[in-house]
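Residue-level listing of the chains:
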Amino acid sequence: MDYKKQVAESIVTALDGQLELQVAYDKIEIPKASNLGDFAFPTFVLAKTLHKAPQMIAQELVESIDQDVYEKVEAAGPYVNFFLDKSAFSQEVLQAVLNQADHYGDATVGQNGKVPIDMSSPNIAKPISMGHLRSTVIGNSLANLLAKTGYQPVKINHLGDWGTQFGKLIEAYKLWGSEEEVKADPINKLLEYYVRFHKEDKAHPELDDEARKWFKKLEDGDEEATKLWQWFRSVSLQSFKHIYDKLGITFDSYKGEAFYNDKMDEVVQILEDHNLLKESQGAEIVDLDKYNLNPALIKKTDGATLYITRDLAAAIYRKRTYDFVQSLYVVGAEQINHFKQLKAVLKEMGFDWSDDVHHIPFGLITLNGKKLSTRSGRVVLLDKVLDDAIDLAKQQIQSKNPDLKNADEVAHEVGVGAVIFHDLKNERMNSFDFDLSEVVRFEGETGPYVQYTRARAESILRKANKQVATDDVVLADPNAWETLKYLQAFPETILRAVNEYEPSVIAKYALHLAKSFNQYYANSKVLVEDDQLNARLALVQSVSSVLKNALALLGVKAPSEM
RNA sequence: GGACCAGUAGCUCAGCUGGAUAGAGCAUCCGCCUUCUAAGCGGAGGGUCGUGAGUUCGAAUCUCACCUGGUUCACCA
């Protein structure tokens, strides 16, 4: 039931139609203090037309409103405050959550439309850092949210598996590498070669020439170069998958940059057909002046294509393959300009679906205030952070709950959960400086806090050891009121999160629900044999269910004991 | 210089399409485990909402200017 609409109708009826329903609806707000009711209507809008003081309007309105469906309606200064009927509300909410269980909050707005999500996208032969975590977990959560609301997300790991750096890598490997070394520790060794190359090429510029030759060979399909490239790619992918397993994240496609090598000519052809290519300083560009953007550089002076050409090919390929309703790119905010260009060029090419292409940017993670950079060695390895978090979670379990049976599994879920939650709890666009002690914190506004809340709820249910009946769930207890209202708000919260592409909306919601339930838990005893027992258990089970599902939307597990 | 993002308590951040005394967490100090897991709950202190104008009955929220920090601005991705 839409309670806000009910309130709006009450107001309009009382005013005898002197106010549009939509206007009333839009003006209704949720008071910040609970003693001011559940909904409030400020009467300022009526002051002019009624030629009365808002305070007086509020008082008169209260008298003419049919109060039967509410607990009470009262005037407070210029506001009319509505208090909902707790019995009816609690029954409706608890029944909805219990009956729909994991499907509570499901929506159909997506109408099965496909939504490819470009996410994670690490570079071959480089380690996955905290920077990649953001794209990975935001993309994953958006996929969950989209699926929950009726879309069909397609998680695409657009691997950085092509480019001139492979020429450098091959040259470096030929000079200093060995097969045994790489086999033993692929990513670290490959990274080591790459970093060494960048150190030595300053003194020996001829190395760059060799690297260029190797990349040319690779492009021409030279056997040795291709074999090395494939090898680098596959060992890298193996170590990436190890990390994705830890995070509990899977992909639907691993088509990376190299996949589009043979699809660039067509892009250039379409651009030519539309007369979009212009020569400038020896390079081929698309002028984007009318979009107030810099020109998009399609071909370098030497005729080689660039990043944007590849992304154009990928965008077109995805449209053809998935016939998407939206196409998302979860990529850092530093590429905002690039995606503006991409959309503009697609539009110029005559693709009206360019409006369905959305860049989902996110803020930078820095280390001591500086940008992470693989080349300069300023990296925070994700694998290490996850392991540290798991270790700390294990220590925590040993001191708080030493008898826990599946301690290792729980430590994994809590440690990884803390890291993921930390990344998702703030707005995407916020940048943050990496601080391990902050990332693996288990107290306060954290993932483990939410997990712990749910574990305690589960514990109560285990102790109760009985099936919760769905027909006797009226709970008018004021202590439970906040929690009931949060439970009711889950579906609309999901829709807001999807509309804004903002997983943090869900994270915040989970924290609020957990907090309100912890307050209830501290002040009310659930397991007491009286006529309200079933209703209280219904609340506990509902909270557990919604917390689990909210965490699931973030990609965080919810252990039932910890 | 152009474009974009950010500037709210000591620190990290909420604050929905403008509305009633600006809220959390962390940190500090003080309470609460013979009651369902204290990874919890309660309380205290702490804020010129970057600055200045404007719109409005009403601005942390909208507009403009400015200040500060960050990102980015054609042959990397």
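Parameters and conventions
Residues numbered from 1 in each chain as written. Chains lettered and ligands numbered in written order. Predicted model: local features only at pLDDT ≥ 70, side-chain atom pairs only at ≥ 80, totals over all residues. Heavy atoms only, no water. Pairing = 2+ DSSP bridges. Helix = DSSP H or I, 4+ residues; strand = E, 2+ residues; numbered from the N terminus. Axes fitted to C-alpha atoms, helices over the stretch in contact; angles between N-to-C directions. Contact = heavy atoms within 4.5 Å. Polar contact = N/O pair within 3.5 Å; in protein donor to acceptor, adjacent residues only side chain to side chain. Buried < 20%, exposed > 50% of the residue type's maximum accessible area, 1.4 Å probe, protein only. Near = heavy atom within 4 Å. Nonpolar A, V, L, I, M, F, W, Y, C, P; charged D, E, K, R; others polar. Domains from an automatic or database assignment. Phe/Tyr/Trp six-rings, centres within 6.5 Å; stacked < 30°, edge-to-face > 60°. Lys NZ or Arg CZ within 6 Å of the ring centre and 35° of its normal. Salt bridge = Lys/Arg side-chain N within 4 Å of Asp/Glu carboxyl O.

Outline the sheet that holds strand 1 (residues 39-42), listing residues and values.
Spatially, the 3 strands line up as an open sheet ordered 1-3-2, and their pairing is antiparallel. Two strands in the sheet have a free side with no partner beyond their single neighbour: strand 1 and strand 2 (70-76). On average, each strand axis in the sheet is inclined to that of its neighbour by 15°, with strand direction left out of account. Here strand 2 runs beside strand 3 (residues 79-84); their pairing, made up of 6 bridges, is antiparallel. The residue of strand 3 that forms the bridge with Ala 75 is Val 80. Taken strand by strand, helix 1 (residues 3-14) contacts strand 1, strand 2 and strand 3, and its axis lies near 130° from that of strand 3. Against the sheet, helix 4 (residues 54-64) engages strand 1, strand 2 and strand 3, with an angle of about 160° to strand 2.

How would you summarise the environment of Asp 66 if you had to cite specific residues and measurements?
Relative to the assigned elements, Asp 66 resides in the loop between helix 4 and strand 2. Considering only alpha carbons, one finds Asp 66 and Leu 293, 227 residues apart in sequence, at a separation of 58 Å. Only 3.2 Å separates the side chain of Asp 66 from the backbone nitrogen of Asp 68, close enough to count as a polar contact.

Explain the pairing of strand 3 to me, and be specific about the residues and the numbers.
Most of strand 3 is tucked away: 5 of the 6 residues are buried. When strand 1 meets strand 3, the two strands line up antiparallel, connected through 4 bridges. Note that in strand 3 the partner of Ala 40 across the bridge is Asn 81. Taken together, strand 2 and the strand that follows it, strand 3, pair antiparallel across an intervening segment of 2 residues, in which Gly 77 is found at a positive phi of about 65°.

Could you give an account of the protein's contact with RNA strand B, naming the residues involved and the relevant values?
Of all residues adjacent to RNA strand B, which total 63 residues, the nearest are Tyr 79, Leu 297, Lys 300, Tyr 452 and Ser 524. Here a base nitrogen of RNA strand B sits 3.0 Å away from a polar atom, N or O, in the side chain of Asn 81. One of the side-chain nitrogen or oxygen atoms of Arg 456 is found 2.5 Å away from a phosphate oxygen of RNA strand B. Element by element, the count of residues in the surface near RNA strand B is highest for helix 18 (residues 447-464), at 7 residues. Per-class residue counts for the surface near RNA strand B are 26 nonpolar, 16 polar and 21 charged.

Which residues make up the domain arrangement of chain A, and what values go with them?
If you check the domain split of chain A, you get domain 1 (3-84), domain 2 (114-262 + 311-371) and domain 3 (382-554). One C-alpha centre belongs to domain 1, the other to domain 2, and the line joining them spans 55 Å.

Can you explain the side chain of His 338? Please cite residues and give values.
In this fold, His 338 is placed in helix 14 (residues 336-348). Here His 338 falls in the buried class, since its relative accessible area comes to 10%. Ignoring anything within four residues of it in the chain, the contact list for His 338 reads Tyr 307, Ile 308 and Asp 311.

I'd like a rundown of the packing of aromatic side chains, residues and numbers included.
Enumeration according to the criterion identifies 23 aromatic pairs in this entry. Here a set of aromatic residues connected by ring pairs shows up, and it is made of Tyr 104, Tyr 486, Phe 490 and Tyr 509. Geometry around Tyr 521 places Arg 456 over its ring, the cationic atom sitting 3.8 Å from the centre.

Run through the pattern of salt bridges, naming residues and quoting values.
Across all of its chains, the model carries 31 salt bridges by this definition. Where Asp 388 meets Lys 384, a salt bridge forms, and the shortest distance between an N and an O atom there is 3.1 Å. Remark: Lys 384 and Asp 388 occur in helix 15 (residues 382-400); sequence separation between them is 4 residues, near one turn of the helix. Asp 388 sits in the partly exposed class, given a relative accessible area of 21%.

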